[in-house]
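Examination of the molecular architecture
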Amino acid sequence: MRILIVGAGIGGPTLAHWLERGGHEVTLLEIAPRPREGGYLVDFWGSGFDVAERMGIVPQLMERGYVFTEMREVGPDGRRIASLDPVGLIGQAGGRYVTVGRTDLAGVISETLSERVERLFGNTVTALDDDGTRVRVAFEHGDEREFDLVVGADGLHSRVRHLLFGPDGVHRRDLGIAVAVFDVADYPRRDELIAISHTEVGHQALRLALHDGGTMFILTFRHDGLIPHDTVAQHELVRHALRDARGEVPAILASMSEARTFYCDSASQVLIPSWSRGRIGLIGDAAAAPSLLAGQGSALAMVEAYLLAAELDRAGGDPVAAFTATHDRLARVVRSKQDAAVSLGVAFAPRTRWQLLLRTTLLRTMGLPVVARIAMGRSLRDPIELPPPPHG
Ligand SMILES: Cc1cc2nc3c(=O)[nH]c(=O)nc-3n(C[C@H](O)[C@H](O)[C@H](O)COP(=O)(O)OP(=O)(O)OC[C@H]3O[C@@H](n4cnc5c(N)ncnc54)[C@H](O)[C@@H]3O)c2cc1C
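If you're wondering where the values come from, they're calculated on a predicted model, not measured in any experiment. (Residues numbered from 1 in each chain as written. Predicted model: local features only at pLDDT ≥ 70, side-chain atom pairs only at ≥ 80, totals over all residues. Heavy atoms only, no water.)

The next thing to look at is the sheet that holds strand β10 (residues 144-147). Backbone hydrogen bonds are what pair the strands of a sheet, in a parallel or an antiparallel way. The three strands are arranged β8-β9-β10 in an open sheet whose pairing can be described as antiparallel. Each edge of the sheet is formed by a strand with only one pairing partner; in this case those strands are β8 (125-130) and β10. Strand-to-strand, the axes of this sheet are offset by a mean angle of 25 degrees, without reference to chain direction. The sheet contact formed by β8 and strand β9 (residues 135-139) spans five bridges and is antiparallel. Residue pairing across strands places Asp 129 opposite Arg 136, the latter belonging to β9. (Pairing = 2+ DSSP bridges. Helix = DSSP H or I, 4+ residues; strand = E, 2+ residues; numbered from the N terminus. Axes fitted to C-alpha atoms, helices over the stretch in contact; angles between N-to-C directions.)

Following this line, the structure appears as C-alpha cells:
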C-alpha cells in the first residue's frame, strides 16, 4: 500500500519503521526544513520502551540519553528538601527508563529507516480528499498525489486533525499550565545526572546538566490564557509569570536571552471520540496528547504506531478496520493516563501554599515504595499488551 505519514516526530518514524518492514511504500512528510535538533528531554519508559526494544534501538537511546540518579527538590537557599530515585520510582511499574532528547529519540528511530522510505521536508498537506478507495492529498508545495491511506502524526497542533475534525481549540483540554524549555551553553552551576527542582506556589524550575556541557531549564507555571507565537512575547510571558520567584530562578531567567533553543507552549491534551475517519487516521499527540504532565506522550506515540502497523497487518490492509481496532485497544488506557495527568498539575505548579506543603510532604515520603505506589500508581500503571511484531 502507498501510505503517507504526516509528521516526523516520534510516532511518525516509528510507524514508518514498522510499515516498511511490512513491505509498504511509505512517504514521511515533515513541515520542518530538516530533521529537528536540540529541544527538550523526555522521560522514556513503559510500553514505549518495549517497542523501542523490538526496534533494536535501546542501546543507542541509552548512549545518547541520561539515567538520572536523583531528582532533588531544593529550597530557595539551594538546600535539599527532598530526594527521589527516578529509576526506583518508575521501577515501581516494572518499567525500564531513560531520559533522552526528543529530537535524539526521533533521530534514532529515523536512522532505522532505509532509503525506500521517501522523506519530504519543508512541506505539509493543505487538503485531504478520501473517496473511499484512495486519499487525494494536496501539498503546500507541489502537486497532488494519491495514497491508500494517510496518517497524521503531526503533534499537538495537528493539521491533519484540523482537516478531519475541525479547529484545534475544540478538541483541546488546556490544563492551566504553560511550559518554557530552553538550554544555554554556559551556566555556572552543574549537577551531573541530578535533576534539580525548585517549586513555589504557581511555578517550578527544573535544571538539568546536558552531555555537551550545556544546561537545560524546564519552567512550568500557572497560565490560563493563550501562548503568544512570537518568541520575544513568550520570553516576556515567562519573565512576568516568574517575576517573584526566588532562589536560582532570577539567574535562570537572566540566562534566557542566551538560549540556544527555546520552546514555549501550554500543557494541553487532545480529546476526540475517534482517531480516524475512513482512510485517514491519527496517532500520537495528534490523536490523544496526554500533555507533558503525563511524562509518557512519546512512549504512547510509539505504542500507537506499533499497534496500528500490527492491526493493518492483521486486517489484511483494511485501513478502516485497522484504525478502529487500534482505537478500541488503546483509547481507554490513553484516556485514563490523560485523566491521571490532570491531577499532576499540583506537582508541577501548586496553586496554594497548602498544595505546596502537601507536595513537599509527599516528596519526602516518596522514597518509601509503598507511598510511591499509592501516589503514582495510576499514572505509572501501563496495562498495554503488545501483540507480536507486524511482518506484512
Ligand atoms: C516540555 C515537554 C516535556 C515533555 N516530557 C515528556 C516526557 O518526559 N515523556 C514523554 O514521553 N513525553 C513528554 N512530552 C510529550 C512528548 O514530547 C510528546 O507526547 C511526543 O513528542 C508526541 O510524539 P508525536 O510523534 O505524536 O508528536 P511530535 O513529537 O510533536 O512530532 C510531530 C512532528 O510533526 C511535525 N509537524 C507538525 N505540524 C506538521 C504539519 N502541518 N505537516 C507536517 N509535519 C508537521 C512536527 O514538526 C514534528 O516533527 C513532553 C512534551 C513537552 C512539551
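Continuing now.
Take the nonpolar core next. Taken as a class, soluble globular proteins show a tendency for nonpolar side chains to be buried jointly. Counting residues in hydrophobic clusters, the biggest one holds 70 residues, and the most contacted among them are Phe 44 and Met 302. A per-element tally of this core places helix α10 (residues 297-314) first, with eleven residues. Setting aside residues no more than four positions away along its own chain, Phe 44 makes contact with Phe 49, Ala 52, Leu 61, Arg 96, Tyr 97, Val 98, Val 100, Leu 105, Ser 298, Ala 299 and Met 302. Membership of the second largest hydrophobic core comes to 19 residues, among which are Ala 180, Tyr 187, Ile 227 and Ile 252. (Core = buried A, V, L, I, M, F, W, Y, C linked by side-chain atoms within 4.5 Å. Buried < 20%, exposed > 50% of the residue type's maximum accessible area, 1.4 Å probe, protein only. Contact = heavy atoms within 4.5 Å.)

Glancing now at the site of the ligand. Taken together, 32 residues lie around the ligand, and Glu 30, Arg 36, Asp 43, Arg 102 and Thr 124 are the ones closest in. Separating an oxygen atom of the ligand from a backbone N or O atom of Gln 296 is a distance of 3.4 Å. Contact distances for the ligand include 3.1 Å between an oxygen atom and a backbone N or O atom of Gly 297. Relative to its unbound accessible area of 1000 Å², the ligand is 91% covered by the protein chains. The set of elements that each furnish at least two residues to the shell around the ligand consists of β2 (25-30), β3 (41-45), β12 (172-184) and α10. Take the shell around the ligand: its biggest share by element is four residues, from α10. (Near = heavy atom within 4 Å. Polar contact = N/O pair within 3.5 Å; in protein donor to acceptor, adjacent residues only side chain to side chain. Areas by Shrake-Rupley, 256 points an atom, 1.4 Å probe, with all protein chains shown as cover.)

What follows is about the sheet that holds strand β15 (residues 215-222). Here seven strands make up an open sheet; going across it, the order is β5-β4-β13-β14-β15-β12-β16 and the pairing mixed. Because the sheet does not close on itself, it has two edges, and the strands there are β5 (80-84) and β16 (261-270). Sheet twist, expressed as the mean angle between neighbouring strand axes with direction ignored, is 20 degrees. Alignment of strand β13 (residues 194-200) against strand β14 (residues 203-209), held across five bridges, turns out to be antiparallel. Its bridge partner lying in β14, His 198 is registered against Ala 205. Helix α11 (residues 319-342) contacts β12 and β16 of the sheet and is inclined by roughly 75 degrees relative to β12. Along the sheet, helix α13 (residues 353-365) makes contact with β4 (70-74), β5, β13 and β14, crossing β5 at roughly 55 degrees.

A pair of packed helices is captured by two measures, namely the crossing angle of their axes and the spacing between those axes. At a minimum axis distance of 8 Å, the contact between α10 and α11 shows a crossing angle of 150 degrees. On the basis of their axis angle, the class for α10 and α11 is roughly antiparallel. The interaxial crossing formed by α10 with α11 has right-handed handedness. Seen from α10, the contacting residues are Leu 300, Val 303, Glu 304, Leu 307, Leu 308, Glu 311, Leu 312 and Arg 314; seen from α11, they are Pro 319, Ala 322, Phe 323, Ala 325, Thr 326, Arg 329, Leu 330, Val 334 and Lys 337. (Parallel < 35°, antiparallel > 145°, perpendicular 65-115°, else oblique. Left-handed = near helix turned anticlockwise from the far one by under 90°.)

Turning our eyes to something else, we now look at the side chain of Asn 123. Counting through the fold element by element, Asn 123 comes out in the loop between β7 (118-121) and β8. Taking the relative accessible area as the measure of exposure, Asn 123 reaches 10% and is therefore buried. At 3.4 Å, the side chain of Asn 123 forms a polar contact with the backbone nitrogen of Glu 140. With sequence-adjacent residues up to four places away left out, Asn 123 is seen in contact with Leu 29, Glu 30, Ile 31, Phe 139, Glu 140 and His 141.

All right, on to the packing of aromatic side chains then. In the structure shown here, the tally under the stated rule is seven aromatic pairs. Taking 5.0 Å as the distance between ring centres and 90 degrees as the angle between the ring planes, the aromatic pair formed by Trp 18 and Tyr 306 counts as edge-to-face. A residue pair is termed long-range when its members are at least 10 positions apart, and Trp 18 in helix α1 (residues 11-21) and Tyr 306 in helix α10 qualify at 288 residues. Residues Trp 18 and Tyr 306 agree in their burial class; the two are buried. (Phe/Tyr/Trp six-rings, centres within 6.5 Å; stacked < 30°, edge-to-face > 60°.)

Fair warning: the whole summary comes from geometry, so function is off the table for now.
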